[in-house]
Amino acid sequence: MDTVLRSRSGEVVIGPDSPFCIIGERINPTGRKIFQEQLRRGDLSRIEIDVAQQVAGGAMVLDVNMGAPLADETELMVQAVRLIQGACDLPLCLDSSIIEVLEAGLAAYEGKALVNSITAEDERMDAILPLVKRHGAAVIALPNDEEEIPAEPGRRVELARKIIDVATGKYGIPIEDIVIDPLAMPVGADTSLVLTTLETIALLHEEFGVNMTLGASNVSFGMPERAAIVAAFLPMAIKAGLTSAIVDARSPELVRSVKAADLLLNRDPWGAAWIAAHRAQQAAAAT
Ligand code: THG
């Protein structure tokens, strides 16, 4: 099953037979005081740096989150979408918990975006899925609702089923445009949480064959040597059926582990991408 995203003139396929899709996480002010302050002042210059770094690191899609406290998130999302689409030709993942922000971002976007995100809450689905349908976008869905973030993989699968039924049945959204987030939790909070995520990925893969993405940095939150932890997590998750992740593409350690997983899992025919990346690096080092 392939999820196709588009920018103005580019296209990215998320699917089991394509290279693992790296979604750059960095266009996001969460935890960044200076960036938040700049956004409050309407200074978007930092975004250009972050975009350039994510692209250089190997991002194939860019997550865009403008959730800075006390800033006009709707206006910032519109400005950011225009700025980023002028600066690069990668598809965007519009990331906000606020419906109006997603709506304004979709209206400003040229191409087929990935909307981040809905949950199994009826109210959110009924507000956001019509927008997704109208704009011909794809959507990330989290299997939690107002009651719970399920601890049990089986319960996450049931909530994913509810979302898929509503999105396809009630709103006519093709199942390939639904990307499920199996929910990545910090291993530092409880060392059994990542196994739960891995089991959820395997179950969702078996049950629906859908594409999946998650915030990979969540896994290492609060731990030292974060990149090493994420670099170990991703190949296991990929083998279980994960087809994309929101990660910091500036980390060579992490991007290399993804590219090695592509090679080892037969998503890099003849190792052409692996060898080409090595040659490009050698050439860059020689100059
Ligand atoms: N699922 C989905 N979407 C998501 C997430 C998810 N979007 C947001 C988040 N999780 C993924 N994006 C990030 C972005 C930044 C960080 C983590 C996840 C991060 N930032 C540093 C920090 O807070 O420590 C920034 C600090 C700094 O650089 O100064 O870790 O799970 N669907």
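Owing to the predicted nature of the structure, the values given are computational and were not obtained by experimental measurement.

## Observations regarding the site of the ligand
Alright, step 1. Around the ligand sit 15 residues in total, of which Arg26, Asp95, Asn116, Asp181 and Asn218 are the nearest.
Alright, step 2. In the model, an oxygen atom of the ligand is placed 2.8 Å from a nitrogen or oxygen of the Arg26 side chain.
Alright, step 3. Between a nitrogen atom of the ligand and a side-chain N or O atom of Asp181, the distance comes to 2.7 Å.
Alright, step 4. Protein chains shield 72% of the accessible area of the ligand, which is 660 Å² for the free molecule.
Alright, step 5. For the shell around the ligand, the elements supplying multiple residues, two or more each, are strand S3 (21-27) and helix H8 (217-220).

## Observations regarding a nonpolar patch on the surface
Alright, step 1. A contiguous nonpolar patch, built from Leu263, Leu264, Trp274 and Ile275 and spanning about 380 Å² of accessible area, is present on the exposed surface.
Alright, step 2. Listed by contribution, the elements that provide at least two residues to the nonpolar patch are helix H10 (252-264) and helix H11 (272-286).
Alright, step 3. One can find Trp274 in helix H11.

## Some thoughts on the environment of Phe35
Alright, step 1. Within the secondary structure, Phe35 is located in helix H1 (residues 33-40).
Alright, step 2. Each C-alpha atom, one on Phe35 and one on Ser45, is 9.4 Å from the other, the two residues being 10 residues apart in sequence.
Alright, step 3. Apart from residues no more than four positions distant in its own chain, Phe35 is found in contact with Arg26, Asn28, Pro29, Arg46, Ile47, Asp50 and Met66.

## Observations concerning the sheet that holds strand S8 (residues 178-180)
Alright, step 1. Sheet architecture is open: 8 strands sit in the order S9-S8-S7-S6-S5-S4-S3-S10, paired in parallel fashion. With partners counted over all chains shown, the strands left at the sheet margins are strand S9 (211-212) and strand S10 (244-247), one partner each.
Alright, step 2. For S3 and strand S4 (residues 61-64), the ladder comprises 3 bridges, and the chain directions are parallel. Bridge assignment links Gly24 to a residue of S4, and that residue is Leu62.
Alright, step 3. Docked against the sheet, helix H2 (residues 45-57) engages S3, S4 and S10, running at close to 155° with respect to S3.
Alright, step 4. Sheet contacts for helix H4 (residues 99-108): strand S5 (92-95) and strand S6 (114-119); angle to S5, the most-contacted strand, approximately 155°.

## A word on the pattern of salt bridges
Alright, step 1. One pass over the full model with this rule turns up 15 salt bridges.
Alright, step 2. Salt-bridge contacts for Arg41 lead to Asp43; the nearest nitrogen and oxygen are separated by 3.8 Å.
Alright, step 3. Among the ionic pairs, Lys170 bridges to Asp126, the shortest N-O distance being 3.1 Å. Residue Lys170 is found in helix H6 (residues 153-170), and its partner Asp126 is found in helix H5 (residues 122-135); the two are separated by 44 residues along the sequence.
Alright, step 4. Classification of Asp126 by relative accessible area gives partly exposed; the value is 34%.
Alright, step 5. When salt bridges that share partners are traced, they join Glu37, Arg40, Arg41 and Asp43 into one network.

## With respect to unusual backbone geometry
As a rule of thumb, non-glycine residues mostly have phi less than zero, and peptide bonds are mostly trans rather than cis.
Alright, step 1. The omega torsion across Asn116 and Ser117 is 15°, close enough to zero to call that bond cis.
Alright, step 2. Mapped onto the elements, Ser117 comes out in strand S6.
Alright, step 3. One non-glycine residue with positive phi stands out, namely Leu183, at about 80°.
Alright, step 4. With respect to the secondary-structure elements, Leu183 resides in the loop between S8 and helix H7 (193-208).

Rules and cut-offs
- Residues numbered from 1 in each chain as written.
- Predicted model: local features only at pLDDT ≥ 70, side-chain atom pairs only at ≥ 80, totals over all residues.
- Heavy atoms only, no water.
- Near = heavy atom within 4 Å.
- Polar contact = N/O pair within 3.5 Å; in protein donor to acceptor, adjacent residues only side chain to side chain.
- Areas by Shrake-Rupley, 256 points an atom, 1.4 Å probe, with all protein chains shown as cover.
- Helix = DSSP H or I, 4+ residues; strand = E, 2+ residues; numbered from the N terminus.
- Patch = residues over 30% accessible without salt bridge, like charges linked within 9 Å, V, L, I, M, F, W, Y side chains within 5 Å.
- Salt bridge = Lys/Arg side-chain N within 4 Å of Asp/Glu carboxyl O.
- Contact = heavy atoms within 4.5 Å.
- Pairing = 2+ DSSP bridges.
- Axes fitted to C-alpha atoms, helices over the stretch in contact; angles between N-to-C directions.
- Buried < 20%, exposed > 50% of the residue type's maximum accessible area, 1.4 Å probe, protein only.

Geometric descriptors of this kind do not, in isolation, establish any biological role.
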